[in-house]
Amino acid sequence: MSGTRLDRPALQAMLEFCRAHPRSTQSPGKIQMWDISRLMRGVDGRGAADPLPALNLINELKALGWTVQFVDKPVVEGPYGVLMSVFDAFQAGQYSAELSKNVKRGKQSVAAQGFWVGGSAPWGTKRVVHKTGVVLNHGELSLPNDRIVLAPDENVLRIWKRCAEMICSRRSLSSVAAQLYAEGVVGRNGRPLSHSSLRNFLTNPVLVGRVEFRDSSAPGGRRRVKAMWPPMVDEGLMDAVVERLGHKSRYGRSGSSRNTRKRGELYPLTPRCGRCGARFIGTRYGAKQGRARAYAHEWPKRHENELIHDRIRAAGCRNWYV
């Protein structure tokens, strides 16, 4: 566990013991450590060194009658000793700040080679040590020099295929989650899978052999590379799912998402124009025309989708109803 955290079990056990057994100023207790970095390496919310947490711990222990002694340096009394304590605490925090940066760079380097560095395995996969082929159980830690790849969990991926096919047949995320719940597939707290959980499961790039990680030098701050494992699901089917679930973000949010999903279930086909390739979207005629169901030629504004807009104009298409 990181030395930057106060909730370390051994540290808390020591603090509880000192609080339960305060000492007098005439007979103070002694706590010996190698150096101040073993007590606390303070960093602030931005990841910069912060000496205050370590100094606050020392002062709290001193108020309880316990003196902290560091083996690698003799105790210095007076103002100079206070300044040295501040400097040492700052150095300890600086060590953790630099260590964090180095770890991030190392993880980026390993991820760029196509290995998994994201912690526990995503739903539908298992973590495997690349060299030995050993499968790691949930929560089991890998060794520092191990390179981890992902392998398919076939029982779960069968669920993925069914869910993907239901989404492509215009089923909503809510109805898919409800069906899974009826079959015993539940989310947190025994409830149906949430929209975000189901969406992440269906569109996770690791399932088609892609690793995505943070990289400040890449566009958008994220980078995606080919993974060290082959695709586990049909790439074409995932592309169709991504297109289906990402529809609202590409074409704006006119109307509620609930009504959008409902229209998708009423109009299961997605025909396209033979001249420009644009879609025909499910709609209805007006009240004077009996409100009959119909398909309308897609007609986005230029700022909504410049490519489709220009293609429709170039082909001379109209806003036809079918």
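Residues numbered from 1 in each chain as written. Predicted model: local features only at pLDDT ≥ 70, side-chain atom pairs only at ≥ 80, totals over all residues. Heavy atoms only, no water.

Chemist: Would you mind going over the environment of Ala292 in detail, with residue names and values included?
Modeler: Considering the arrangement of structural elements, one finds Ala292 in the loop between strand S8 (280-284) and strand S9 (293-297). Classification of Ala292 by relative accessible area gives partly exposed; the value is 33%. In contact with Ala292, not counting residues within four places along its chain, are Thr283, Arg284 and Tyr285. (Helix = DSSP H or I, 4+ residues; strand = E, 2+ residues; numbered from the N terminus. Buried < 20%, exposed > 50% of the residue type's maximum accessible area, 1.4 Å probe, protein only. Contact = heavy atoms within 4.5 Å.)

Chemist: I'd like to hear about helix H7 (residues 235-245), residue by residue, with values.
Modeler: Every buried residue of H7 is listed here: Leu237, Met238, Val241, Arg244 and Leu245. All buried residues of H7 project into a common sector of 120 degrees when viewed along the axis, lining one side. Of the residues flanking the start of H7, the one acting as N-cap is Asp234, its side-chain oxygen 3.2 Å from the backbone nitrogen of Gly236. (Arc of directions from axis to C-beta. Polar contact = N/O pair within 3.5 Å; in protein donor to acceptor, adjacent residues only side chain to side chain.)

Chemist: Run through the packing of aromatic side chains, naming residues and quoting values.
Modeler: Counted by the stated rule, this structure contains two aromatic pairs. Considering the side-chain rings of Phe17 and Trp66, the 6.0 Å spacing of their centres and the 65 degrees angle between planes classify their relative orientation as edge-to-face. Here the residue Phe17 occupies a position in helix H1 (residues 9-20), and Trp66 occupies one in strand S2 (residues 66-70), the gap between them amounting to 49 residues. Phe17 gets classed as partly exposed once you look at its relative accessible area, which sits at 44%. With a centroid separation of 4.1 Å and 40 degrees between ring planes, the pair formed by Trp123 and Phe201 is classed as tilted. (Phe/Tyr/Trp six-rings, centres within 6.5 Å; stacked < 30°, edge-to-face > 60°.)

Chemist: Please set out the pattern of salt bridges residue by residue, giving values where relevant.
Modeler: Under the definition given, this model contains six salt bridges. Among the salt bridges present, the one from Asp7 reaches Arg5, with a minimum N-O distance of 2.8 Å. With a relative accessible area of 44%, Asp7 lands in the partly exposed category. Note that Glu60 and Arg19 form a salt bridge whose closest N and O atoms lie 2.7 Å from each other. (Salt bridge = Lys/Arg side-chain N within 4 Å of Asp/Glu carboxyl O.)

Chemist: Please provide a residue-by-residue account of the nonpolar core, values included.
Modeler: Ranked by internal contacts, the top residues of the largest apolar core, which has 41 residues, are Trp160, Cys163, Leu180, Leu198, Leu202, Leu207 and Trp229. Only helix H3 (78-112), strand S3 (125-129), strand S5 (148-152), helix H4 (154-168), helix H5 (173-182), helix H6 (195-203), strand S6 (210-214) and H7 provide two or more residues apiece to this core. With eight residues, the single largest contributor to this core is H4. Among all residues touching Cys163, those that are not within four sequence positions of it are Val176, Leu180, Leu198 and Leu202. (Core = buried A, V, L, I, M, F, W, Y, C linked by side-chain atoms within 4.5 Å.)

Chemist: I'd like to hear about H5, residue by residue, with values.
Modeler: Of all the residues in H5, the buried ones are Leu173, Val176, Ala177 and Leu180. Within H5, the buried residues cover an arc of 95 degrees as seen down the axis, which keeps them to one side. Once H5 finishes, Gly184 follows within two positions and takes phi at roughly 95 degrees, a positive value.

Chemist: Give me the lowdown on the environment of Phe201, citing residues and values where you can.
Modeler: Relative to the helices and strands, Phe201 is located in helix H6. Expressed as a C-alpha distance, the spacing of Phe201 and Leu157, which sit 44 residues apart in the sequence, is 9.8 Å.

Chemist: Explain the confidence of the model for the protein to me, and be specific about the residues and the numbers.
Modeler: Per-residue confidence for the protein gives a mean pLDDT of 81, with 86% of residues at or over 70. When pLDDT is averaged over each element of the protein, S3 comes out on top at 93 and helix H8 (residues 247-251) at the bottom at 37. Contacts of residues 247-260 to residues separated by more than four positions or lying in other chains number 13 contacts, the stretch itself having pLDDT below 50. (pLDDT = per-residue confidence, 0-100.)

Chemist: For the pairing of strand S1 (residues 29-33), give the residues involved together with the corresponding values.
Modeler: Residues of S1 alternate between two faces, with Gly29, Ile31 and Met33 buried on one and Lys30 and Gln32 left unburied on the opposite face. As paired elements, S1 and S2 share five bridges and run parallel to each other. Of the residues in S2, the one forming a bridge with Lys30 is Thr67. (Pairing = 2+ DSSP bridges.)

Chemist: Mind laying out the packing of H4 against H7, listing which residues take part and the relevant values?
Modeler: The geometry of H4 relative to H7 is characterised by a closest axis approach of 9 Å and an angle of 50 degrees between their N-to-C directions. One finds that H4 runs oblique with respect to H7. Both H4 and H7 take part in a crossing whose hand is left-handed. The segment H4 lies against H7, with Trp160, Lys161, Ala164, Glu165, Ile167 and Cys168 engaging Leu237, Met238, Ala240, Val241, Arg244 and Leu245. Looking at the contact of H4 with H7, its residues break down into nine nonpolar, no polar and three charged. (Axes fitted to C-alpha atoms, helices over the stretch in contact; angles between N-to-C directions. Parallel < 35°, antiparallel > 145°, perpendicular 65-115°, else oblique. Left-handed = near helix turned anticlockwise from the far one by under 90°. Nonpolar A, V, L, I, M, F, W, Y, C, P; charged D, E, K, R; others polar.)

Chemist: Please provide a residue-by-residue account of the sheet that holds S3, values included.
Modeler: In space, the three strands of this open sheet follow the order S4-S3-S5, with antiparallel pairing throughout. Because the sheet does not close on itself, it has two edges, and the strands there are strand S4 (135-136) and S5. Summarising the sheet, S3 and S5 pair through five bridges and their orientation is antiparallel. In the sheet register, Arg127 faces S5, and the bridge partner there is Leu150.

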